[in-house]
Amino acid sequence: MPILIPVLAAFKIDPLWYGVIFISALAIGQATPPVGVNRFTAANLIRGDIDAVAKEAIPFVIVDVIVLIILSLLPVLSLYLPVRAGLYTP
């Protein structure tokens, strides 16, 4: 992130909004192949099969991708609560 801050400033991209997008995309990456660390953890917790966990996670990943697209297109949604609480001024 520290390397990207000057780039975000040059393109006038809100760093908080980018952070939300970055973390959301990272969470999707942790639940999907090829790495899918969260799948391995969930399979270990339930003492089940990794493939069964992957099949059950498909609807959640699809919803996460849709939410990521919506947040990418409408930055006001991810900035609404911090601005409303007076914790952040864009």
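Residues numbered from 1 in each chain as written. Predicted model: local features only at pLDDT ≥ 70, side-chain atom pairs only at ≥ 80, totals over all residues. Heavy atoms only, no water.

Where an unreviewed UniProt entry is consulted, the protein appears under the name TRAP transporter large permease, with the organism given as Desulfonema ishimotonii. In the Subcellular location (unreviewed entry) part of its UniProt record, the protein is described as follows: "Cell inner membrane". (UniProt positions renumbered as here; feature names shortened; annotations may be inferred.)

Colleague: Any chance you could explain the packing of aromatic side chains here in plain terms?
Modeller: Any pair of aromatic rings gets described here by the distance separating the centres and the angle formed by the planes. Inspection of the entire model under this criterion finds one aromatic pair. Seen from the ring of Phe40, Arg39 lies directly overhead, with NZ or CZ sitting 5.9 Å from the centre. (Phe/Tyr/Trp six-rings, centres within 6.5 Å; stacked < 30°, edge-to-face > 60°. Lys NZ or Arg CZ within 6 Å of the ring centre and 35° of its normal.)

Colleague: Would you mind showing me how to read the packing of helix H3 (residues 37-46) against helix H4 (residues 50-73) here?
Modeller: Packed helices, taken two at a time, are described by the angle their axes make and the gap between the axes. One can describe the packing of H3 onto H4 by two numbers: an axis separation of 9 Å at closest approach and a directional angle of 115°. Handedness of the crossing formed by H3 with H4: right-handed. Side by side, H3 and H4 meet where Arg39, Phe40, Ala42, Ala43 and Ile46 of the first sit next to Ile50, Val53 and Ala54 of the second. Per-class residue counts for the contact of H3 with H4 are seven nonpolar, no polar and one charged. (Axes fitted to C-alpha atoms, helices over the stretch in contact; angles between N-to-C directions. Helix = DSSP H or I, 4+ residues; strand = E, 2+ residues; numbered from the N terminus. Left-handed = near helix turned anticlockwise from the far one by under 90°. Contact = heavy atoms within 4.5 Å. Nonpolar A, V, L, I, M, F, W, Y, C, P; charged D, E, K, R; others polar.)

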